[in-house]
Amino acid sequence: MVAGEPVGGGSNGNGVAEIDEDLHSRQLAVYGRETMRLLFASNVLVSGLNGLGAETGAAACVEKLQELNNAVLVSALTEGLTTEHLSKFQAVVFTNLSLDKAVEFNDYCRSHQPPIPFIKTEVCGLFGSVFCDFGPEFTVLDVDGEDPHTGIIASISNDNPAMVSCVDDERLEFQDGDLVVFSEVSGMTELNDGKPRKIVDARPFSFCIEEDTRNFGIYAKGGIVTQVKEPMILEFKSLRECIKEPGNFLLSDFSKYQRPPLLHFAFLALDNFRQKFGRFPVAGCDQDARKFVEFTASINEAAIDYKMDELDEKLLQHFASGSRAVLNPMAAMFGGIVGQELVKACSGKFHPQYQFFYFDSLESLPTYALDPKDLKPLNSRYDAQISVFGSKLQKKMRDSNIFVVGSGALGCEFLKNFALMGVSCGRKGKLTITDDDVIEKSNLSRQFLFRDWNIGQAKSTVAATAASAINSCLHIDALQNRACPETEHVFNDAFWEGLDAVINALDNVNARMYMDMRCLYFQKPLLESGTLGPKCNTQMVIPHLTENYGASRDPPEKQAPMCTVHSFPHNIDHCLTWARSEFEGLLEKTPNEVNSFMSNPAEYAAAMRKAGDAQARELLERVRECLDKERCDKFEDCIAWARLKFEDYFSNRVKQLTFTFPEDAATSTGAPFWSAPKRFPRPVQFSAVDSSHIQFILSASILRAVSFGIPIPDWAKNTGNLADIVSKVAVPEFEPKSGVKIETDEKATNLSSASVDDAAVIEDLLTKLEACAKKLPSGFQMKPIQFEKDDDTNFHMDLIAGLANMRARNYGIQVVDKLKAKFIAGRIIPAIATTTAMATGLVCLELYKVLAGDHPVEDYRNTFANLALPMFSMAEPVPPKEMKHQDMRWTVWDRWSIKGNITVAELLKWLSDKGLTAYSVSCGTSLLYNTMFPRHKDRLKRKMVDVAQEVAKVDVPAYRKHFDVVVACEDDDGNDIDIPLISIYFR
């Protein structure tokens, strides 16, 4: 048994634990500060040190577990567990406990004041269970962890019930029964009272509220509607009650909807078997299996509401045979699930599991019959796995050649799993892992193979070393190459052809698409997974059985129009997008342009003249300003620059905007210009006594000094000194100008407006730049600053948060703290260890199928899960789309091969023999042959490889014996036929 309690992450002096935001940023993005503080203060018990206990939060070696997080005090309880022990803990987890003892402990936990959340879990071969009882009344503070849904109001009717219509730029997420509050409503101000109102008749862009507004004021304009998330109280039943009346089971696979009651009886039967015989059933023993089936049948007969008409005896025999085995993938999956339930128990964050969950992956067994002799132990570390799958599959796993792409959170979990499963641990086996990234502090909260002393080292190398420490027989090769077209000489044909499976552990779609394309080409299984906070998905891409990853994709994330971000923001995301753009423009792009100009003025000038457009003109204006009137020579200059930037951003630009479009401005159709979702802005007047204003000046002036290589004096961070200096900066009066064009077209992709005299202006700017350069010291260079979100000492996020929040004040938008700003501007992907463990466990259950071979598509499972709800949705993969022509059939997985150094004419003849008329042949982006071009007839007698090398500049490496062409064909009726890629083996 292992107990975990916090020792805190430091204190702020008020007894509140301080959170290391650099370390826990991804976890904070899921839970928030309050939940994290509750977790820091928790004290939990995990009983049982088998594989599942270790995954849930324990380890046989306390010292090793302690390494994961020094802010958690880990201790071992070695004496017999009593109810007195339980009283010390906030939540308890049992992974290997008899039913009688579990009922006793559960009764105690329920009667304790306050009740102690109780979790019981078991893994028996390919079967698993979880039971949760968080007490007679448990308060869920946040059911799903999602941000409250919002809408921008367009109109509200005076009616009963009142109809609320919202702007149609985004569909509403409200549902009937949701409670909402209103704010900023003009006219019908009665709704701004903060009272929650219930939604009825929710539609994509409108809804009704249970409110009679017939006597309210008439709606004029504006308004925000926001969902109110209320706590939920759950009443759990005891284990004693649920054994007899389990209630509704949490389903994971609707093709097995009748399975949970059977598994409920099976786990009860296993407890009976163990109580009577003092052991588990023996793997492959027919006598034990029959006895186990009898126990299950007896329990079923005694059941009332859940009695089954027929028992699946084959399933029960498999259950009995593998019941002693704790398989690593099952431990990883259930460890993730139970770990998340433990978080819920300690924090009230997310909806707990209610109450029994049963799962099986029986389809992971080999399709061939298992010989009982093949299940016998070999006195090896893999005996548990052998007792389920047999030694034949274990040998295949040991000799497998696996490619893992990515060594972050998913990659670390996969390597740990593979080391424990024995994957690539044989003499013929090899595991290749590649990742071009290095370890950062923020990785340590969930990438558990890394330690703080590994920061700055290559991820793949450190992970491989750690995995080898788990299993010294692991044959692993760690590379630091990105898998992309530029590294195909590293991951060449021979490398790909030798692979048994590819495991993606990536965090971006582009890399996934590339790996998908390569697996398609070489016809290799691709096991894909991804996580987003408490959500995860897995997708199996199996040659000739399933569609590929790229066959179905989520729609691209909607981007705010450029004019909205720059002039008409209506939410904090718009403000932060603008802030990051300004940061990069001021501190990275402009210094880079300055350096390009200073390094080679003549070459730079030639490039600008050649461009000759509005963008070039705007770029030169920024460079000139940077080297002329905005140039800084000492830190006081940087302060003055920051003060003038404040005035420009948050006062002058707003004055110009509202001068061009006054509050009563109308569109060409006569509608109010400043109608939803536009928000009318107001200037912010600088105040040296406003700490947020001074903080903006501080971060902006320090980063400006860094970019100019100016030393930062010791007094710079003294806000009192800063306020004195900034108050003496002379700020010119601003007068708005007529005729200033401000982009309002939402389809515009560029804010620079072209002018007939761009070329002349560019020449003038280049002349002025040359004059500026003469005043600068020889070899002058600026220091471009690349945005780094995970260093809280570099002032990057201070400046971006300051920019965004001042802009939010301009537009009356709710400001955010620096942490929230980091999540949005830094595009941080929320991540927690529990989801990662579950996702990789699910993938490894699929790997058994891939390596065993011969499984039909019905055996494979794709999964989407959300541990917050919790919800599991598993389904067989979609088959690939099949194309037909005459008696031929093919899918995206097929590639036609032609052996021989053929001519263009021979290629056309080869296709003609299949009833296909080729009218176009291309290689890469080059056209080798097309019937529309008479001169291409001269190529008919030439060798395909010669035409490809001459026209497409194909350079076929020595290790490759073929090149590929895409051929456009039609049938005898003139219908286009989409045929597979053709590989011509000319060597």
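Residues numbered from 1 in each chain as written. Predicted model: local features only at pLDDT ≥ 70, side-chain atom pairs only at ≥ 80, totals over all residues. Heavy atoms only, no water.

## Quick notes on the side chain of Asn106
With respect to the helices and strands, Asn106 occurs in helix 5 (residues 99–111). Residue classification places Asn106 among the buried positions, given a relative accessible area of 0%. Aside from chain neighbours lying at most four places away, what touches Asn106 is Phe118, Phe131, Asp133, Ser238, Leu239 and Arg240. (Helix = DSSP H or I, 4+ residues; strand = E, 2+ residues; numbered from the N terminus. Buried < 20%, exposed > 50% of the residue type's maximum accessible area, 1.4 Å probe, protein only. Contact = heavy atoms within 4.5 Å.)

## Thoughts on the pattern of salt bridges
Side chains bearing opposite charge may pair, as long as their charged atoms lie close to each other. The tally for this structure, following the rule as stated, stands at 58 salt bridges. Close ionic contact of Lys822 with Asp22 constitutes a salt bridge, the shortest N to O distance being 3.7 Å. Here Lys822 is found in helix 26 (residues 818–825), whereas its partner Asp22 is found in helix 1 (residues 21–40), with 800 residues between them in sequence. There is no split in this pair, since Lys822 and Asp22 are both buried. Across the pair Glu301 and Lys307 runs a salt bridge, and its minimum N-O distance is 3.2 Å. Judged by relative accessible area, Lys307 falls into the partly exposed class, the value being 42%. (Salt bridge = Lys/Arg side-chain N within 4 Å of Asp/Glu carboxyl O.)

## Regarding the pairing of strand 11 (residues 197–200)
Looking at chain direction, strand 10 (residues 179–183) and strand 11 are connected through two bridges and run antiparallel. Across the sheet, the residue bridging to Leu179 is Lys198, located in strand 11. Count of turn residues in the strand 11/strand 12 (residues 206–209) antiparallel hairpin: five residues, of which Asp201 carries a positive phi of about 55 degrees. (Pairing = 2+ DSSP bridges.)

## Observations regarding the domain arrangement of the protein chain
Domain boundaries assigned for the protein chain yield domain 1 (2–140 + 235–358), domain 2 (150–228), domain 3 (384–552 + 833–875), domain 4 (570–812) and domain 5 (882–985). The C-alpha-based centres of domain 2 and domain 3 are spaced at 48 Å. (Domains from an automatic or database assignment.)

## Observations regarding the environment of Phe872
Tracing the backbone shows Phe872 in strand 23 (residues 871–875). When the C-alpha atoms of Phe872 and Thr367 are compared, they prove to be 25 Å apart, with 505 residues separating the residues in sequence. The contacts of Phe872, once residues within four sequence positions are left out, are Leu250, Leu251, Ser252, Ile337, Phe357, Met838, Phe864, Ala865 and Leu867.

## A short note on the sheet that holds strand 23
Taken in spatial order, the eight strands make up an open sheet running 18-17-16-19-20-21-22-23, and their pairing is mixed. Of all strands in the sheet, those with a lone pairing partner are strand 18 (476–479) and strand 23, marking the two edges. Going from strand to strand, the sheet's axes swing by 10 degrees on average, the running direction of each strand aside. The strands that helix 14 (residues 459–470) touches are strand 17 (430–434) and strand 18; relative to strand 18, the one it contacts most, it runs at about 165 degrees. (Axes fitted to C-alpha atoms, helices over the stretch in contact; angles between N-to-C directions.)

## Quick look at the sheet that holds strand 10
Around the barrel, which closes on itself, the six strands sit in the order 8-9-12-11-10-13 with antiparallel pairing between neighbours. Geometrically, the sheet is characterised by an average inter-axis angle of 50 degrees between neighbouring strands, direction not taken into account. Of the strand pairs in this sheet, strand 11 and strand 12 are connected by two bridges, and their pairing is antiparallel. Pairing of Val200 across the sheet is with Cys208, part of strand 12.

## Considerations on the UniProt feature "domain: Ubiquitin-activating enzyme E1 C-terminal" (unreviewed entry) in the protein chain
In the numbering used here, UniProt assigns the feature "domain: Ubiquitin-activating enzyme E1 C-terminal" (unreviewed entry) to residues 860–982. Within the segment residues 860–982, helix and strand shares are 14% and 37% respectively, and the terminal C-alpha atoms sit 30 Å apart. (UniProt positions renumbered as here; feature names shortened; annotations may be inferred.)

## Quick look at unusual backbone geometry
Going from Asn160 to Pro161, the amide bond is cis rather than trans, its omega being 0 degrees. Relative to the helices and strands, Pro161 is located in the loop between strand 8 (150–156) and strand 9 (162–166). Omega for the bond connecting Tyr354 with Gln355 falls within 30 degrees of zero, at -15 degrees, which places this linkage in the cis form. Inspection of the secondary structure puts Gln355 in the loop between helix 10 (328–347) and strand 15 (356–360). One non-glycine residue, Phe350, adopts positive backbone phi at about 80 degrees.

## A few points about a negative patch on the surface
Residues Asp168, Asp169, Glu170, Glu173, Asp745 and Glu746 make up a contiguous surface patch of negative charge. Relative to the assigned elements, Glu170 resides in the loop between strand 9 and strand 10. With relative accessibility at 53%, the residue Glu170 sits in the exposed group. (Patch = residues over 30% accessible without salt bridge, like charges linked within 9 Å, V, L, I, M, F, W, Y side chains within 5 Å. Areas by Shrake-Rupley, 256 points an atom, 1.4 Å probe, with all protein chains shown as cover. Lys, Arg positive; Asp, Glu negative; His and termini not counted. Charge placed at Lys NZ, Arg CZ, Asp CG, Glu CD.)

## Here we look at helix 21 (residues 635–660)
Its 26 residues place the ends of helix 21 36 Å apart at the C-alpha level, agreeing with the 38 Å of an ideal helix rising 1.5 Å per residue. Asp648 marks where helix 21 bends most, by close to 40 degrees. (Expected span 1.5 Å × (residues − 1). Bend = angle between axes of the 7 residues up to and from the residue.)

## Let's talk about the UniProt feature "active site" (unreviewed entry) in the protein chain
Mapped onto the present numbering, the UniProt feature "active site" (unreviewed entry) falls at Cys563. Mapping Cys563 onto the fold places it in helix 17 (residues 562–567). Excluding residues that lie within four positions of it along the chain, Cys563 makes contacts with Phe568, Glu743, Thr744, Asp745 and Glu746.

## As for the packing of helix 7 (residues 259–277) against helix 9 (residues 313–322)
Between helix 7 and helix 9, the shortest axis-to-axis distance is 11 Å and the interhelical angle comes to 40 degrees. The orientation of helix 7 with respect to helix 9, classified from their angle, is oblique. Our pair here, helix 7 against helix 9, has a crossing hand that is right-handed. Where helix 7 abuts helix 9, its residues Arg259, Leu262, Leu263, Ala266, Phe267 and Leu270 lie against Leu315, Leu316 and Phe319. Taken together, the residues of the contact of helix 7 with helix 9 sort by class into eight nonpolar, no polar and one charged. (Parallel < 35°, antiparallel > 145°, perpendicular 65-115°, else oblique. Left-handed = near helix turned anticlockwise from the far one by under 90°. Nonpolar A, V, L, I, M, F, W, Y, C, P; charged D, E, K, R; others polar.)

## Brief notes about the state of the cysteines
Chemically, a disulfide is nothing more than a covalent bond linking the sulfur atoms of two cysteines. With the rule as written, the count across this model stands at zero disulfides. Cys208 takes part in no disulfide bond, and the closest cysteine sulfur to it belongs to Cys166, at a distance of 12 Å. The buried category is assigned to Cys208, whose relative accessible area is 9%. Between Cys285, a cysteine without a disulfide, and Cys124, which holds the nearest cysteine sulfur, the sulfur-to-sulfur distance is 17 Å. (Disulfide = S-S within 2.5 Å.)

## What about a nonpolar patch on the surface?
Residues Leu927, Met932 and Phe933 make up a contiguous nonpolar surface patch of roughly 290 Å² in combined accessible area. One can find Phe933 in the loop between strand 28 (926–930) and helix 29 (944–951).

## Regarding empty space enclosed by the protein
Under the criterion given, the structure shown has four cavities of 30 Å³ or more. Taken as a whole, the largest cavity encloses approximately 80 Å³ of empty space. The wall of the largest cavity is formed by Leu251, Ser252, Asp253, Lys256, Arg259, Pro260, Leu263, Tyr358, Phe359 and Asp360. Broken down by secondary-structure element, the contributors of at least two residues to the lining of the largest cavity are helix 7 and strand 15. Class assignment of the residues belonging to the lining of the largest cavity gives a composition of five nonpolar, one polar and four charged. Taken together, Phe359, Ser361, Glu363, Thr538, Leu842, Leu845, Glu846, Arg861, Thr863 and Met874 make up the lining of the second largest cavity. Residues of the lining of the second largest cavity, tallied by class, amount to four nonpolar, three polar and three charged. (1 Å grid on protein atoms, 1.4 Å probe; cavity = no way out; pocket = protein on both sides within 12 Å on 5 of 7 lines; lining within 4 Å. Points joined across faces, edges and corners; volume = space filled by probe spheres on them.)

## Quick look at the environment of Thr834
Residue placement: Thr834 occurs in helix 27 (residues 833–852). For Thr834 and Ala332, which are 502 residues apart along the polypeptide, the C-alpha to C-alpha distance reads 8.9 Å. What Thr834 contacts, discounting residues up to four positions off in sequence, is Tyr31, Gly336, Gly339, Gln340 and Leu867.

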